[in-house]
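# Working through the structure, step by step
Read off the chains here:
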Amino acid sequence: MTTPLKDSYNRPIRDLRVSLTDRCNFRCFYCLPHGEPPIAPKEQMLSYEEIEYVCEIFVSLGIEKIRLTGGEPMLRRDIETVIAKLSALKSKGLVDLALTTNGYYLPDRAQSLKDAGLDRITISVDSLKREVFKEMTGVDVLDRVLTGIAATKAAGLEPIKINAVIVRGHNEDEVADFAVFAREQNVKMRFIEFMPLDSGHEWSREMVVSGREIRERISERFPLVAVDVARGSETSSRYRFADGAPGEIGIIAPVSEPFCGACSRIRLTADGQIRTCLFSTVEHSLRDVVRSGATRPEIIEYIDSVVLKKEPRHYINDPQFVAPSRTMSFIGG
Ligand code: SAM
């Protein structure tokens, strides 16, 4: 039995985010504002067999949650195949297998994802207004994404989480409308502060709508009550509606209320690099180690050594902060 992964600050690492591709069919301005950067050549990408192999090792090291992301993970061919392979790791200690998607392919595929063994889906929806959705994401497909949410429900992949990045001047006036959506649709609505991870490096503090402002905007219409659970390593602070309505509110405020002290996450990029923080400026090539023919104990030793390098916190609020060169679409949000 191997000791569970711990970093040098004694934080247990339980949560692995695996990016399946850095390609995306949306052009969200806060992620890919100037068109898609060059994507990794196919031979540099981890194959499904490699993903399965390293995930099995990660699970043996105490990883309990795997979230598939990207880019747009559903652009990767036969994603159901890798979901089925990873779902089999539940017999070895994996507790939760989730997917973050822009929802475009869900109308036709939600059921096959469920059948393959997926537990949960998070869907990104930045606006409930067709024009604003189009302006923020670069594609005019709000209706299709809403149909995808309905298909996800019909497939029984609940509870559904909806992610909205709130950016000043774009959608902060919709915060309370999203709360209505959470109540009516019985979904977990999560509001995310805009982080400096856009390829255009246009992020500015003025564009960040703080978690506090988001809470206030909702509370004016619907009083909230903090959900009475230890937050643990969760990214969001969670609230329910005081009047007992269905749905939930989550606020993810990494800029104004950092939660690095309880971070349990590491990331694997589509080209096989381990990132120990969203804001890391260095990466560690697990792919090269695996492809060099390293033995399983050598791979474990490498992962252990990388995890020990996990940063104590992000430095967004420090004057000397340098944004990572790769955007969210490469890192895997
Ligand atoms: N394509 C999928 C999607 O749209 O959900 C998965 C990848 S996307 C990078 C994952 C999440 O990161 C999305 O909810 C997206 O809105 C969020 N995201 C991307 N860039 C961000 C930024 N600069 N600040 C905050 N969240 C961001």
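Residues numbered from 1 in each chain as written. Predicted model: local features only at pLDDT ≥ 70, side-chain atom pairs only at ≥ 80, totals over all residues. Heavy atoms only, no water.

Before going further, it helps to spend a moment on the environment of Arg240. Here Arg240 lies in strand 8 (residues 237–241). With 64 residues separating them in the primary sequence, Arg240 and Asp304 have C-alpha atoms 38 Å apart. Excluding residues that lie within four positions of it along the chain, Arg240 makes contacts with Pro223, Leu224, Val225 and Val227. (Helix = DSSP H or I, 4+ residues; strand = E, 2+ residues; numbered from the N terminus. Contact = heavy atoms within 4.5 Å.)

Our next topic: the layout of surface pockets. Considered as a void within the structure, the second largest pocket measures approximately 420 Å³ in volume. Its residues assigned to classes, the lining of the second largest pocket shows 6 nonpolar, 2 polar and 7 charged. (1 Å grid on protein atoms, 1.4 Å probe; cavity = no way out; pocket = protein on both sides within 12 Å on 5 of 7 lines; lining within 4 Å. Points joined across faces, edges and corners; volume = space filled by probe spheres on them. Nonpolar A, V, L, I, M, F, W, Y, C, P; charged D, E, K, R; others polar.)

With that settled, consider the packing of helix 2 (residues 79–87) against helix 3 (residues 106–116). Between helix 2 and helix 3, whose axes approach to 8 Å, the crossing angle comes to 25°. Taken as axis vectors, helix 2 and helix 3 run roughly parallel relative to one another. Relative to helix 3, the crossing made by helix 2 is right-handed. Only Arg109, Ser112, Leu113 and Ala116 of helix 3 make contact with helix 2, whose side of the interface consists of Ile79, Glu80, Ile83, Ala84 and Ser87. For the contact of helix 2 with helix 3, the residue count by class is 5 nonpolar, 2 polar and 2 charged. (Axes fitted to C-alpha atoms, helices over the stretch in contact; angles between N-to-C directions. Parallel < 35°, antiparallel > 145°, perpendicular 65-115°, else oblique. Left-handed = near helix turned anticlockwise from the far one by under 90°.)

This part covers the site of the ligand. Neighbouring the ligand are 19 residues, the closest being Tyr30, Gly71, Glu72, Ser124 and Met195. Here a nitrogen atom of the ligand sits 2.8 Å away from a polar atom, N or O, in the main chain of Gly71. Taking Glu72, its side chain carries an N or O atom lying 3.0 Å from a nitrogen atom of the ligand. Only strand 3 (96–101), strand 5 (161–166) and strand 6 (188–193) provide two or more residues apiece to the shell around the ligand. Within the shell around the ligand, the residues separate by chemical class into 8 nonpolar, 9 polar and 2 charged. (Near = heavy atom within 4 Å. Polar contact = N/O pair within 3.5 Å; in protein donor to acceptor, adjacent residues only side chain to side chain.)

When glycine is set aside, most residues are seen to have a negative phi, and most peptide bonds are trans. Going from Glu158 to Pro159, the amide bond is cis rather than trans, its omega being 0°. Following the sequence through the fold, Pro159 ends up in the loop between helix 5 (142–154) and strand 5. For Asn10, which is not a glycine, the phi torsion comes out positive at approximately 70°. Positive phi values are uncommon outside glycine, yet Asn186 reaches one of about 55°.

Applying the stated criterion to the full structure yields 22 salt bridges. Salt-bridge contacts for Lys85 lead to Glu52; the nearest nitrogen and oxygen are separated by 3.6 Å. Here the residue Lys85 occupies a position in helix 2, and Glu52 occupies one in helix 1 (residues 48–60), the gap between them amounting to 33 residues. When its relative accessible area of 25% is taken as the criterion, Lys85 is described as partly exposed. One salt bridge in this structure joins Glu257 and Arg215, with 2.9 Å as the shortest N-O distance. Taken together, the residues Glu257 in the loop between strand 9 (248–252) and strand 10 (265–268) and Arg215 in helix 7 (residues 211–221) connect sequence positions 42 residues apart. Assessed through its relative accessible area of 18%, Arg215 is described here as buried. Residues participating in the shared-partner salt-bridge network are Arg168, Glu213 and Arg217. (Salt bridge = Lys/Arg side-chain N within 4 Å of Asp/Glu carboxyl O. Buried < 20%, exposed > 50% of the residue type's maximum accessible area, 1.4 Å probe, protein only.)

What follows is about the packing of aromatic side chains. Under the criterion given, the structure shown has 7 aromatic pairs. Aromatic pair Phe29 and Tyr30: ring centres 5.6 Å apart, planes at 75°, arrangement edge-to-face. In this structure, Phe29 and Tyr30 share a single accessibility class: buried. Relative to Tyr105, the ring of Tyr104 has its centre 5.0 Å away and its plane inclined at 80°; by these criteria the two rings are edge-to-face. Note on Tyr105: relative accessible area 22%, which makes it partly exposed. Following the ring pairs from residue to residue traces out a cluster consisting of Phe26, Tyr104, Tyr105 and Phe133. In this structure, Arg144 packs its charged tip against the face of Tyr104, placed 3.7 Å from the ring centre. Cation over ring: Arg183 sits above Phe241, and NZ or CZ is 4.8 Å from the ring centre. (Phe/Tyr/Trp six-rings, centres within 6.5 Å; stacked < 30°, edge-to-face > 60°. Lys NZ or Arg CZ within 6 Å of the ring centre and 35° of its normal.)

This part takes up helix 9 (residues 296–307). Under the 1.5 Å per step criterion, the end-to-end length of helix 9 is 17 Å for 12 residues, consistent within 8% with the ideal 16 Å. Along helix 9, the residues classified as buried are Ile299, Ile300, Ile303, Val306 and Val307. The buried residues of helix 9 all sit within an arc of 125° when viewed along its axis, so they share a single face. For helix 9, the exposed residues lying more than 90 degrees away from the buried face are Pro297 and Glu301. On the buried face of helix 9, the contacting elements are helix 1, strand 10, strand 11 (273–275), strand 12 (284–285) and helix 8 (286–291). (Expected span 1.5 Å × (residues − 1). Arc of directions from axis to C-beta.)

Positionally, Ile249 belongs in strand 9. Separated by 25 residues in the primary sequence, Ile249 and Leu224 have C-alpha atoms spaced 8.4 Å apart. Apart from the residues lying within four places of it in its own chain, the contact partners of Ile249 are Ala179, Ala182, Met189, Phe191, Ile218, Leu224, Ser237, Arg238, Tyr239 and Phe241.

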